[in-house]
Amino acid sequence: MKYIYILPFLIIAFSSCKKKYNCHCNTTASFTNSGNTGSYNSKTAPMNKKMTKKQATAVCADEAKNLDATYANFITNNGTSSSNGVTAHSVCSLQ
């Protein structure tokens, strides 16, 4: 009978381990030929699923890699031309 009283506390404790996180990214493009840089912020939106902090951190890190690949493909026309000294680097942080 006493387990019935403990059960709600256990449910609350285990359900609070996962929550929705936000991943905010900032991409800096450097134009080596002209010496200019540009900074582009992503829209911060909640992740679709509830996750642990470790899972959300991994997803956010993957997002940075995906952004870098997307910018590299855009700059080089999917690898068919030179980047002409343009590089892009993305940093994503969990919020």
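Residues numbered from 1 in each chain as written. Predicted model: local features only at pLDDT ≥ 70, side-chain atom pairs only at ≥ 80, totals over all residues. Heavy atoms only, no water.

1. Things to note about unusual backbone geometry
A positive phi is found at Asn-77, a non-glycine position, where the angle reads about 55°. Mapped onto the fold, Asn-77 is located in the loop between helix H2 (53-75) and strand S4 (86-94). Look at Asn-84: it is not a glycine, yet its phi comes out positive at around 50°. For Asn-84, the position within the fold is in the loop between H2 and S4. (Helix = DSSP H or I, 4+ residues; strand = E, 2+ residues; numbered from the N terminus.)

2. Digging into the environment of Ala-56
By the secondary structure assignment, Ala-56 is in helix H2. Residue class for Ala-56 comes out buried when judged on its relative accessible area of 0%. Separated by 34 residues in sequence, Ala-56 and Asn-22 place their C-alpha atoms 8.4 Å apart. If we skip the residues at most four places from it in the chain, Ala-56 touches Tyr-21, Met-47, Met-51 and Leu-94. (Buried < 20%, exposed > 50% of the residue type's maximum accessible area, 1.4 Å probe, protein only. Contact = heavy atoms within 4.5 Å.)

3. Observations regarding the confidence of the model for the protein chain
Any region with low pLDDT has predicted coordinates that should not be read closely. In this model, the protein chain carries a mean pLDDT of 83, and residues with pLDDT of at least 70 account for 83%. Per-element mean pLDDT across the protein chain ranges from 60 in helix H1 (residues 2-15) up to 92 in H2. (pLDDT = per-residue confidence, 0-100.)

4. Examining the state of the cysteines
For the coordinates displayed, the defined rule picks out two disulfides. Here Cys-23 is linked by a disulfide to Cys-60, with a sulfur-sulfur distance of 2.0 Å. Disulfide Cys-23-Cys-60: torsion about the S-S bond near 85°, hence right-handed. A residue pair is termed long-range when its members are at least 10 positions apart, and Cys-23 in strand S1 (residues 22-31) and Cys-60 in helix H2 qualify at 37 residues. The burial state of Cys-23 is the same as that of Cys-60; both residues are buried. A sulfur-sulfur separation of 2.0 Å characterises the disulfide bridge that pairs Cys-25 with Cys-92. (Disulfide = S-S within 2.5 Å.)

5. Re the packing of aromatic side chains
Under the counting rule described, the total for this entry stands at one aromatic pair. Ring geometry for Tyr-40 and Tyr-71: centres 6.4 Å apart, planes at 25°, overall stacked. With Tyr-40 in strand S2 (residues 36-41) and Tyr-71 in helix H2, the pair connects residues that are 31 residues apart, well separated along the chain. (Phe/Tyr/Trp six-rings, centres within 6.5 Å; stacked < 30°, edge-to-face > 60°.)

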